[in-house]
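Single-letter residue listing:
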Amino acid sequence: MALLSKKDTKLITDPLTDNNPITIQVLGICSALAITAELEASIVMSVSVLFVLGVGNVIISLMRNIIPSKIRIIVQLIVVATLVIIVDLVLKAFAYELSKTLSVFVGLIITNCIIMGRFEAFALGNGPWRSFLDGIGNAVGYGAILILVGFFRELLGSGTLLGFKVLGDPIEKTGLYAFGYENNGFMLLSPMALIVVGLIIWVQRSRNKALIEEN
Amino acid sequence: MEHLELFFKSIFIDNMVFATFLGMCSYLAVSKKVATAVGLGAAVIFVLAVTVPLNWLLDQYILQEGALAWLGEEYASYDLSFLSFIMFIATIATMVQLVEIIVEKFSPSLYNSLGIFLPLIAVNCAILGGSLFMQSREIPTIGLSLTYGVGSGIGWFLAILAIAAIREKIRYSSVPPALRGLGITFIITGLMAIGFMSFGGMLTGGDEEKKETKVVAVSKEIPKEQVEENTTEVLSDNLHTNKQ
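About the criteria used
- Residues numbered from 1 in each chain as written.
- Chains lettered and ligands numbered in written order.
- Predicted model: local features only at pLDDT ≥ 70, side-chain atom pairs only at ≥ 80, totals over all residues.
- Heavy atoms only, no water.
- Salt bridge = Lys/Arg side-chain N within 4 Å of Asp/Glu carboxyl O.
- Helix = DSSP H or I, 4+ residues; strand = E, 2+ residues; numbered from the N terminus.
- Buried < 20%, exposed > 50% of the residue type's maximum accessible area, 1.4 Å probe, protein only.
- pLDDT = per-residue confidence, 0-100.
- Contact = heavy atoms within 4.5 Å.
- Phe/Tyr/Trp six-rings, centres within 6.5 Å; stacked < 30°, edge-to-face > 60°.
- Buried area = accessible area lost by both parts, 1.4 Å probe.
- Polar contact = N/O pair within 3.5 Å; in protein donor to acceptor, adjacent residues only side chain to side chain.
- Nonpolar A, V, L, I, M, F, W, Y, C, P; charged D, E, K, R; others polar.

Colleague: What exactly am I supposed to notice about the pattern of salt bridges here?
Modeller: Any two side chains of opposite charge can pair, on the condition that their charged atoms come close. All names here are of chain A. Going through the model one piece at a time under the given rule, you end up with 3 salt bridges over all chains. In this structure, Lys92 engages Asp88 in a salt bridge whose closest nitrogen and oxygen atoms are separated by 3.3 Å. Separated by 4 residues within a single helix, Lys92 and Asp88 lie in helix H4 (residues 72-94), roughly one turn from each other. A salt bridge links Arg118 to Asp134; the nearest nitrogen and oxygen atoms lie 3.0 Å apart. You can see Arg118 sitting in helix H6 (residues 113-121) and its partner Asp134 sitting in helix H7 (residues 128-158), a full 16 residues away along the chain. In this pair, the class of Arg118 matches that of Asp134, namely buried.

Put into structure tokens, the structure is as follows:
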């Protein structure tokens, strides 16, 4: 580990569990909930955020000494918006169907609070390399929750994972369906996203008592 | 009628928090007290009411494909819609700055209680989401876009008001320790979202359930046809086409 000092590794691993952007910092919830009905969409969203946050953090960190603090929010927004336009155009070119599913939520990466939160809290006060690691760490922590929620919702809601029928065929009654299992279509509806995230938070805080809030 | 329909639709059926999860970050962070929740909710209504029509104008006369036709014929083929993210966010950031200045001038106490969250409206996904949905749903007139902005603002306001009231009360109940705070808020929001889904049938029986609306349409059409033509042929034809 010559490349990463102990402090640097902490930057990456911390947001994965104890300082997770979604469940602890309460940032970037909107997209986490809205596009997780399918696993594929959640993976693409995670990768997009990884790109935007990693690159954006480096850019802001490089510019941190020349940005006047009064207009920093607008500068940050322009940087994010530029990166998001790139992501949006790439998605439209190479995965058109998927970009339709994600609809406005790719655009909403701009206002994803994780990005602004990390710019404000980290990139404005740290060097490019550390900012890059911090961006990657937070984006992976975000992606982990997204993929977890997407996994459960797609598996229980339509019995598939990435489009493959892992639980058997619901029409021909093979696999689990032979025992009378039915898809829980409710998992695909929006309220269940909230409840699944709530349950993940419950599990996480039961395992680590230090995270429990006052009320 | 069109306005009324869009208004109620954007408040209850397409509620920003419960149907599309927009503005969740500030919804979760500022909903601990009713007073601050009301302040932020009002600010969101105002900003949405201003930015959505403004962005509608931008979209209509600058960004859309062929929108630049008013400049001259050679501009008619331009499509600047890839710029919409930047243009929309610039409008929003400007408007938020303006609101901040006005609030600071006229209500310093509200300004202090909102604190960091006022500038955060600029990065509240509800605001940008409102403009992007306005664009993707192709709202036809500026009046309707104003209705849409105000309606979705009120929907967001209602949601944050309700959750803030519930969170004030929940302090007196014994929630499992690990679920306290964020966890229970998520689950309550989920339950509220289930409640709001029942509004889906309020207008025309809901858009998504096309099968059911078709059946309703058939049963409504048949008596009309009977009165007008009074032949069974038309009726069976009608049923046949509807089945297809």
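Colleague: What is the right way to read the confidence of the model for chain B from this model?
Modeller: Close reading of the predicted structure is inappropriate where its pLDDT is low. Residues and elements named next belong to chain B. Confidence along chain B averages 76 in pLDDT terms, with 78% of residues attaining 70 or more. Between the elements of chain B, mean pLDDT differs from a low of 41, seen in helix H10 (residues 210-228), to a high of 90, seen in helix H8 (residues 142-170). Across residues 209-244 the pLDDT falls below 50, and counting only partners more than four positions away or on other chains, this stretch makes 15 contacts in the model. Scored by ipTM, the complex comes to 0.79, with pTM at 0.77.

Colleague: It is not clear to me how the packing of aromatic side chains should be interpreted in this structure. Could you clarify?
Modeller: The description of an aromatic ring pair rests on the distance of the ring centres and on the angle between the ring planes. Residues and elements named next belong to chain B. With the rule as written, the count across this model stands at 8 aromatic pairs over all chains. With 4.6 Å between their ring centres and 35 degrees between their planes, Phe12 and Phe199 make a pair best called tilted. Remark: Phe199 occurs in the loop between helix H9 (182-197) and H10 and Phe12 occurs in helix H1 (residues 2-13); sequence separation between them is 187 residues. Its relative accessible area of 28% is what places Phe199 among the partly exposed residues. Measuring from centroid to centroid gives 4.6 Å for Phe18 and Phe196, while their planes differ by 45 degrees, and the two rings are tilted. Placement of Phe18 in the loop between H1 and helix H2 (24-29) and of Phe196 in helix H9 is noted, with a sequence separation of 178 residues between them. Aromatic rings pair up to connect Phe7, Phe8, Phe12, Phe18, Phe196 and Phe199 into one cluster.

Colleague: Just checking my understanding: could you explain the interface of chain A and chain B for this structure?
Modeller: Often, the extent of an interface is quoted as the loss of accessible area upon association of its parts. Taken together, the contact pairs 44 residues of chain A with 42 residues of chain B. Interface area for chain A against chain B, summed over the two sides, is near 3700 Å², with a carbon-plus-sulfur share of 84%. One can count 0 residue pairs in polar contact (both at pLDDT 80 or more) joining chain A with chain B. Put simply, the parts of the chain that give the side of chain A that touches chain B at least two residues each are helix H2 (29-34), H4, H6 and helix H8 (190-207) of chain A. A total of 12 residues in the side of chain A that touches chain B trace back to one element, the largest contributor, which is H8 of chain A. A breakdown of the residues in the side of chain A that touches chain B according to their chemical character gives 31 nonpolar, 9 polar and 4 charged.

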